[in-house]
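Close look at the chain arrangement
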Amino acid sequence: EPGTWFLSAYDELFLNFGASDKLDHMQQNRISVLVGHQFWSQGNVQLGYLLQTIQRPAAAAGADLLEMNDTVHLMLTYDLDLRPKAKKAPVTTP
C-alpha cells in the first residue's frame, strides 16, 4: 500500500561445484539489510547496507584470497503488470 515503510533483509550464497584441487564450495556471499518505502502501488525504493564476501581459491600464490566489500545498496522495485486488460462491455441505451 502506498505510504508504507518496511524493512528487508536477504542472504545470497553462490556455490561452486566441479573438479578442483581444493574443496572451495562457497564462491560468493551477499548479505543485505534495507529500509524501504512504497511510493506507489506498483513499486518501491529501498536503501541499505550490502556486505559482499568473495572467495578466490588459490589466487594469491597458492593461498585463498578472501575479499570483503562494504557497499551502500539502493534498489528500485517495480511490478510490470503484463496481463491483458479486461475489455469493457459496450454501453447500450434502450
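1. Notes on the overall build of the protein chain
Helices and strands together make up the secondary structure of the protein chain, namely zero helices and four strands. Each helix and strand of the protein chain, placed in order from N terminus to C terminus, yields the pattern β-β-β-β. Look at the contacts in the protein chain between residues 6 or more apart in sequence, and 48% of them connect residues 24 or more apart. Carbon and sulfur atoms make up 61% of the accessible area of the protein chain, which totals about 7600 Å².

2. Digging into the pattern of salt bridges
For the structure shown, the criterion picks out two salt bridges. Glutamate 12 is the salt-bridge partner of arginine 30, the closest N and O atoms lying 3.5 Å from each other. Taken as a pair, arginine 30 in strand 2 (residues 26–40) and glutamate 12 in strand 1 (residues 5–15) lie far apart in primary sequence, 18 residues in all. On the basis of relative accessibility, which here comes to 30%, the residue glutamate 12 falls in the partly exposed class. For aspartate 81, the salt bridge is made with arginine 83, and the minimal N-O distance between the two is 2.8 Å. On the basis of relative accessibility, which here comes to 38%, the residue aspartate 81 falls in the partly exposed class. For arginine 83, a relative accessible area of 61% gives the class exposed.

3. Regarding the side chain of histidine 73
Mapped onto the elements, histidine 73 comes out in strand 4 (residues 63–78). Note on histidine 73: relative accessible area 14%, which makes it buried. Separated by 2.9 Å, the side chains of histidine 73 and serine 32 make a polar contact. Residues within four places of histidine 73 in sequence aside, it is in contact with Tyr10, Ser32, Leu34, Gln46, Leu47, Gly48, Tyr49 and Leu50.

4. Section: the confidence of the model for the protein chain
When pLDDT is averaged along the protein chain, the result is 85, and 84% of the positions lie at 70 or above. Mean pLDDT across the elements of the protein chain ranges from a minimum in strand 3 (residues 43–60), with 85, to a maximum in strand 1, with 94.

5. Structural notes on the side chain of glutamine 46
Summarising the element assignment, glutamine 46 is placed in strand 3. Residue class for glutamine 46 comes out buried when judged on its relative accessible area of 7%. Here asparagine 44 takes part through its side chain, which lies 3.2 Å from a polar atom of the side chain of glutamine 46. Filtering out sequence-adjacent residues up to four positions away, glutamine 46 remains in contact with Phe6, Ser8, Leu34, Val35, Gly36, His73, Leu74, Met75 and Thr77.

About the cut-offs
- Residues numbered from 1 in each chain as written.
- Predicted model: local features only at pLDDT ≥ 70, side-chain atom pairs only at ≥ 80, totals over all residues.
- Heavy atoms only, no water.
- Helix = DSSP H or I, 4+ residues; strand = E, 2+ residues; numbered from the N terminus.
- Contact = heavy atoms within 4.5 Å.
- Areas by Shrake-Rupley, 256 points an atom, 1.4 Å probe, with all protein chains shown as cover.
- Salt bridge = Lys/Arg side-chain N within 4 Å of Asp/Glu carboxyl O.
- Buried < 20%, exposed > 50% of the residue type's maximum accessible area, 1.4 Å probe, protein only.
- Polar contact = N/O pair within 3.5 Å; in protein donor to acceptor, adjacent residues only side chain to side chain.
- pLDDT = per-residue confidence, 0-100.

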